[in-house]
Amino acid sequence: MRDAAAARTAGAPDEVPPGEVGPAAETPAGGGPGQGPDRTGEGYAAARVRLLRDTELSGPDRRRALAGLTDRWLAGLFAAAPGGTALVAVGGYGHGELSPRSDLDLLLLHDGSTDAAALAALADRVWYPVWDLGLALDHSVRTLAEARTAASDDLKVQLGLLEARHVAGDEGLTAELRTAALARWRAEARTRLPELREYAAERDRRHGELRFLLEPDLKEARGGLRDLTALRAVAASWLADAPREGLAQARDTLLDVRDALHLTTGRATDRLALQDQDQVASALGLLDSDTLLRRVYEAAGAVSYAHEVTWREVERVLRARTGSPRGARLRGLLGARRSGGRPGAPAQERTPLAEGVVEHEGEAALALHARPDRDPVLPLRAAAAAAQAGLPLALPAVRKLARTAPDLPVPWPAEAREEFVTLLGAGEATVPVWEAMDAAGLITRLLPDWERVRCRPQRNPVHRYTVDRHLVETAVRAAALTRRVHRPDLLLTGALLHDIGKGWPGDHSVTGETITRDLAARIGFDAADTRTLATLVRHHLLLVETATRRNLDDPATVRSVADAVGSPGTLELLHALTEADALATGPAAWSSWRAALVSDLVSRVAAVLAGEPAADQAADQELTAEGERLAMEAWRTGGPVLALRTQKAGPPDAGRDGEHGPEPVGVELSVALPEQSGVLPAVAGVLALHKLTVRAADLRLAQLPGEVDGETPRVLLLTWRVAAQYGSLPQAARLREDVVRALDGSLGLASRLAEREAAYRPRRTGVKPPPPRATVVPGDSAAATVVEVRAQDAPGLLYRIGRALEEAGVRVSSAHVSTLGANAVDAFYVTDAAGAPLTDLAAARLAQHIETELR
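Cut-off values and rules
- Sequence order as written defines residue numbering, which begins from 1 separately in each chain.
- Where totals are concerned, whole chains, interfaces and linings use all residues; where local detail is concerned, this predicted model gives features only for residues with pLDDT of at least 70, and gives and counts side-chain atom pairs only at 80 or more.
- Computation of side-chain values: all heavy atoms of the structure, hydrogens and water removed.
- Elements are defined by DSSP. Helices are runs of H or I of four residues or more, strands are runs of E of two residues or more, and each kind is numbered from the N terminus.
- For each residue, the accessible area found with a 1.4 Å probe, counting protein chains only, is set against the maximum for its type, and the residue is called buried under 20%, exposed over 50%, and partly exposed in between.
- Note on contacts: a residue pair qualifies if any of its non-hydrogen atoms lie within 4.5 Å across the two residues.
- Every accessible area reported is derived by Shrake-Rupley at a probe size of 1.4 Å, with residue values counting cover from the shown protein chains alone.
- Each reported salt bridge corresponds to a side-chain nitrogen of Lys or Arg within 4 Å of a carboxyl oxygen of Asp or Glu.
- Each axis is a line fitted through C-alpha atoms, taken for helices only over the stretch in contact, and angles between the N-to-C directions span 0 to 180 degrees.
- The cut-offs work like this: below 35 degrees is roughly parallel, past 145 is roughly antiparallel, 65 to 115 is roughly perpendicular, and the gaps in between are oblique.
- Each residue gets one of three labels, nonpolar for Ala, Val, Leu, Ile, Met, Phe, Trp, Tyr, Cys and Pro, charged for Asp, Glu, Lys and Arg, and polar for the others, Gly among them.
- Whether two strands pair comes down to DSSP finding at least two bridges between them.
- Residues belong to one nonpolar core when they are buried, are Ala, Val, Leu, Ile, Met, Phe, Trp, Tyr or Cys, and are joined through side-chain atoms within 4.5 Å.
- Pairing of aromatic side chains here covers Phe, Tyr and the six-membered ring of Trp, requires ring centres within 6.5 Å, and sorts the geometry by plane angle: under 30 degrees stacked, over 60 edge-to-face, intermediate tilted.
- Throughout this description, the term charge over a ring refers to an Arg CZ or Lys NZ atom that lies within 6 Å of the ring centre and within 35 degrees of the ring normal.
- The score called pLDDT rates the predictor's confidence residue by residue, from a low of 0 to a high of 100.
- Definition of a polar contact: a pair of N or O atoms within 3.5 Å, with one able to donate and the other able to accept a hydrogen when the atoms are protein atoms, and with sequence-neighbouring residues admitted only if both atoms are side-chain atoms.
- Left-handed describes a crossing whose near helix is turned anticlockwise from the far helix by less than a right angle; the clockwise case is right-handed.

A.B. asks: Help me get a handle on the overall build of the protein chain, residues and values and all.
C.D. replies: Within the protein chain one finds 35 helices and 15 strands. Buried positions account for 54% of the 855 residues belonging to the protein chain. Within the protein chain, contacts between residues separated by at least 24 positions form 71% of all contacts whose residues are at least 6 apart in sequence. In the form shown here, the protein chain has an accessible surface area of approximately 36,700 Å², with 51% of it arising from carbon and sulfur atoms.

A.B. asks: Any chance you could break down the pattern of salt bridges for me, citing the residues and the numbers?
C.D. replies: Scanning the entire structure with this criterion turns up 54 salt bridges. Here Asp61 and Arg64 are joined by a salt bridge, their closest N and O atoms 2.9 Å apart. Here the residue Asp61 and the residue Arg64 both occupy positions in helix H3 (residues 59-77), the gap between them amounting to three residues, near one helical turn. A salt bridge links Asp738 to Arg734; the nearest nitrogen and oxygen atoms lie 3.6 Å apart. In this pair, Asp738 and Arg734 are both assigned in helix H32 (residues 732-744), four residues apart and thus about one turn of the helix distant. On the basis of relative accessibility, which here comes to 4%, the residue Asp738 falls in the buried class. Arg734 gets classed as partly exposed once you look at its relative accessible area, which sits at 45%. Bridged by salt links that share partners, the residues Asp61, Arg63, Arg64, Glu97, Arg251, Asp252, Asp256 and Asp259 form one connected network.

A.B. asks: I'd like to hear about the environment of Ala580, residue by residue, with values.
C.D. replies: In this structure, Ala580 sits in helix H27 (residues 568-585). Judged by relative accessible area, which is 0%, Ala580 ranks as buried. Expressed as a C-alpha distance, the spacing of Ala580 and Leu481, which sit 99 residues apart in the sequence, is 7.9 Å.

A.B. asks: An account of the packing of helix H31 (residues 679-689) against helix H34 (residues 797-807) is requested, with residue identities and associated values reported.
C.D. replies: Two elements in contact, H31 and H34, have axes separated by 8 Å at closest approach and are oriented at 170 degrees. Taken together, the axes of H31 and H34 lie roughly antiparallel to each other. When H31 is examined against H34, the residues Val679, Leu680, Pro681, Ala684 and Gly685 are found in contact with a partner set consisting of Leu798, Tyr799, Gly802, Arg803, Leu805 and Glu806. Grouping the amino acids of the contact of H31 with H34 by side-chain chemistry returns seven nonpolar, two polar and two charged.

A.B. asks: Just give me the short version of the side chain of Thr482, but keep the residues and values in it.
C.D. replies: Inspection of the secondary structure puts Thr482 in the loop between helix H21 (467-479) and helix H22 (488-497). With residues near it in sequence (within four places) discarded, Thr482 still touches Pro488, Leu491 and Leu492.

A.B. asks: Would you mind going over the sheet that holds strand S7 (residues 363-366) in detail, with residue names and values included?
C.D. replies: Strand order in the open sheet made by the three strands is S5-S6-S7, with antiparallel pairing throughout. The open sheet has two edge strands, strand S5 (351-354) and S7, and neither has a second partner. Across the sheet, the mean angle from the axis of one strand to that of its neighbour is 45 degrees, orientation sign disregarded. Relative to strand S6 (residues 357-360), S5 runs antiparallel, the two being bridged by three bridges. By the bridge assignment for S6, Ala354 is matched with Val357.

A.B. asks: If you had to explain the nonpolar core to someone new, which residues and values would you point to?
C.D. replies: Counting residues in each nonpolar core, the largest one holds 95 residues, and the members touching the most others are Leu393, Trp412, Phe420, Trp434, Leu447, Trp450 and Leu496. Leaving out residues up to four positions away in the same chain, Trp412 has contacts with Leu380, Arg417, Phe420, Leu446, Leu447, Arg522, Ile523 and Gly524. Counting residues in each nonpolar core, the second largest holds 52 residues, with Ala684, Leu753, Val812 and Ala847 among its members.

A.B. asks: Kindly report on the packing of aromatic side chains, identifying the contributing residues and their values.
C.D. replies: If you walk through the whole model with that rule in mind, you get five aromatic pairs. When the centroid spacing of 5.0 Å and the interplanar angle of 80 degrees are considered together, the rings of Phe212 and Tyr465 count as edge-to-face. With a gap of 253 residues between them, Phe212 in the loop between helix H9 (189-207) and helix H10 (225-237) and Tyr465 in the loop between helix H20 (450-453) and H21 connect regions that are remote in the sequence. Neither residue differs from the other here; Phe212 and Tyr465 are each classed as buried. Between Arg165 and the ring centre of Tyr93, over which it is positioned, the NZ or CZ distance is 5.2 Å.

A.B. asks: Give a detailed account of the confidence of the model for the protein chain, specifying residues and quantitative values.
C.D. replies: Overall, the prediction assigns the protein chain a mean pLDDT of 86, with 87% of residues at 70 or greater. Taking the mean pLDDT of every element in the protein chain, the minimum, 32, falls on helix H1 (residues 4-7) and the maximum, 98, on helix H24 (residues 527-538). Within the model, pLDDT remains below 50 along residues 1-34, and this stretch shows 70 contacts once partners closer than five positions in the same chain are excluded. In the predicted structure, residues 323-347 sits below a pLDDT of 50 and forms 31 contacts with residues beyond four places in sequence or in another chain.

A.B. asks: How would you sum up helix H25 (residues 542-549)? Please name residues and give values.
C.D. replies: Taken across its eight residues, H25 has seven buried, putting it largely inside the fold. Inspection of H25 places Leu542, Leu543, Val544, Thr546, Ala547, Thr548 and Arg549 among the buried residues, and these make up the whole buried set. Buried-residue contacts for H25 involve helix H26 (555-565), H27, helix H28 (592-609), strand S13 (785-792), strand S14 (811-820) and strand S15 (823-831).

A.B. asks: If you had to explain the sheet that holds strand S3 (residues 137-143) to someone new, which residues and values would you point to?
C.D. replies: If you trace the four strands from one edge of the open sheet to the other, you get S3-S2-S1-S4, paired in mixed fashion. Strands at the two margins of the open sheet, each flanked by one partner only, are S3 and strand S4 (165-169). For this sheet the average axis-to-axis angle between neighbouring strands, irrespective of direction, equals 25 degrees. Note that strand S2 (residues 104-110) and S3 share seven bridges and pair parallel. In the sheet register, Leu109 faces S3, and the bridge partner there is Arg142.

A.B. asks: I'd love a proper account of H22, names of residues and values included.
C.D. replies: Residue pairs three or four apart in sequence face the same way in an α-helix, which turns once every 3.6 residues. Counting buried residues along H22, nine of its ten residues qualify, which places the element largely inside the surrounding structure. Those residues of H22 lying buried are Asp489, Leu490, Leu491, Leu492, Thr493, Gly494, Ala495, Leu496 and Leu497.

A.B. asks: Go over the environment of Ser58, please, and point to the residues and values.
C.D. replies: By the element assignment, Ser58 lies in the loop between helix H2 (42-53) and H3. Considering only alpha carbons, one finds Ser58 and Asp259, 201 residues apart in sequence, at a separation of 9.0 Å.

A.B. asks: So what's going on with the pairing of strand S1 (residues 85-89)? Residues and values would help.
C.D. replies: Within S1, five of the five residues are buried, which leaves the element mostly enclosed by the surrounding structure. Across five bridges, the pairing between S1 and S2 is antiparallel. Note on S2: the bridge partner recorded for Val88 is Leu107. Pairing analysis gives four bridges linking S1 to S4, with the strands arranged antiparallel. Its bridge partner being in S4, Ala89 is matched across the sheet by Arg165.

A.B. asks: Which residues make up the side chain of Ser289, and what are the values?
C.D. replies: Tracing the backbone through its elements, the reader meets Ser289 in helix H13 (residues 289-320). For Ser289, a relative accessible area of 13% translates into the label buried. Of note is the side chain of Ser289, whose polar atom sits 2.9 Å from the side chain of Arg459. Once you skip the residues sitting within four places of it in the chain, Ser289 turns out to touch Gln277, Asp278, Ala281 and Arg459.

A.B. asks: Tell me about the packing of H9 against H13, and please be specific about residues and values.
C.D. replies: Running from N to C, H9 and H13 point in directions that differ by 150 degrees, and their axes come no closer than 11 Å. For the element pair H9 / H13, the angle class is roughly antiparallel. At the point where H9 passes H13, the crossing takes the left-handed sense. Two secondary-structure elements touch here, H9 through Arg190, Leu193, Pro194, Leu196, Arg197 and Ala200 and H13 through His307, Glu308, Trp311, Val314, Glu315 and Leu318.

Right under this line is the structure:
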């Protein structure tokens, strides 16, 4: 007595009738003719193992077969049960499919005529064999009235009953339960659906969005299996239904991945952990873990889009049903008659938004006179109008555009390019409109190279989003900066395309430059604008990397940036793109400190582009009064002198030593001491012990005026920009004491840092970080050799690098450190003992020595 309308829910395959188990049907798990029930579960266990090892059976067929096999066994355990009782599968098991390690959700339903002792014995006869096999069991014993009460009190119970399926016993009792549960759900939909919506929103807040997570929860995260359950519940209410395109395939993908996860790990887990992804990918016959994640993300995106569309429909229907039922019905019929829409829709005026586009019922829809088959610009015009109005694109409009609109000519006409830029310039409202078009395949028709970055994962945890969403988010951030540039169209387009090369092997900036030239010409930009866009993409990392990793006082650094940028207009665009890209990446990628460094670099490059020479500011820089005071005191006392100057706190930033969060209070630490060896590793090690995050370091050998005992006083002056990770700064006297002890060897710096690193070491993830790498950067300085070190960030990393530099006998004139997530990128300007740049051979040996020491 199934309710056919409820059975055909969003993307749900037809249920398997109890007893039909497909390829495993020959297994007498529940007791065949002449056999008793499998009380011990041995027969079921053996059949289960054979089924799960059957390489010719997988996906929905295996899940249905496992559910059917389990039905037969449980039915055997339930044999000879007293009348007025039924065994009912609910929840996921009730849906007719079963993953290898999924719980068995069972309800022992009775009509109240069986005494308590007999019910307890019956329950024990079913529950204990399940437990004895080590299967997870979610069970309850209830009457019809008790089941109704539990459903009223607990939304999860109500959702489980919507998928109730008869396993054994009194079929009429199960049918009565299903009928009552569905009738109550439909009658109370007006109050229960908002509750279901809030329940989904709470899960989103706790678990995040599946398609952007490196270790996604396939069940609980947004776009996961729970959302599919919610969509089936909405469909069962008869108020709305989810868009079906791709939804069944998305569900099968998520379930297939979960099945492989269960089988490869042997655990009942829904979290696709990093250490399991390669095994799961191999089990599914996929190339690698990136291919696996991309497939999962695509499925989650389809579910998320269906989720959004469905809930918009629910909200619209609920609004239409306010007031008296008769009045709502009348308004709905009138609305459907006037607009040609569905019954239940209110009559609303169609407000024009653009040619062929109107606002209708809170969405951007196609006008009645629109002819998308004759208007290739209409998809972009509709998207731009929707985003600028802050409205979603109506699903019927998206479907019709995808089905009938012809492709744009190449190059695009000016109107199409203008609408494209208008869409990108709408800010946050761009995202849902873009995703609606992407789900319908319109974006890849407009920009064929988009398919390579669509749903592509980014393994760097600094990135919050997949490549495609990061590109859209960068355009969103750039939209807030368009008042700062003379060519907003180039800024927005460059923002959307800056990482387009990540879909191909090699340096994504170099590859992206070539792709951008093709796409810019396709969109209709002229040759000059195409060159500018290609430059933006090729050098979108130039400003932030140079500002945070190079010596801006070195004229060669500024000239190299000016040569790459080429013009003041491109520099202006690149500055805004740098900020938008960093803000779209995540909180670890931008801060007041980085912003100040980039602005400083931009002002210096702008001066060079205006015709001014790149002055060697470091050579002309004299000691400040404070620096001279510290240097004289250090020479007089023969020991280190320290000074701390507090700076204001900034916005969120990545910390050093692997601990991140809001940017702590920063300080400038000045250390002066007579020239000697071992200073850099000693001070760096002390700072690491005191949990001070290092932002930048400058090392100078200062000569004091006059002579002392016939000698010219020479003092090392180190200026560090540091931040306290937990907001509390150590006292200068304590730092000085530890520096003295580090220099004379009594502090035991190496062992103490090793202890801290062992305590800091994060949980094992099974993912081995890439090995550290040291490279010589040619041409970045005429006065020194630049060595760049990339490594996994850890306490004492600067100490180990500094020690390697000391062992190599080189002098460090300045150091520039930068950390993004768990990755440290540090640049050191070094010279030989005479102050000259290293020879090529010496520089190569130095880089190799640093790598060896760090490994």
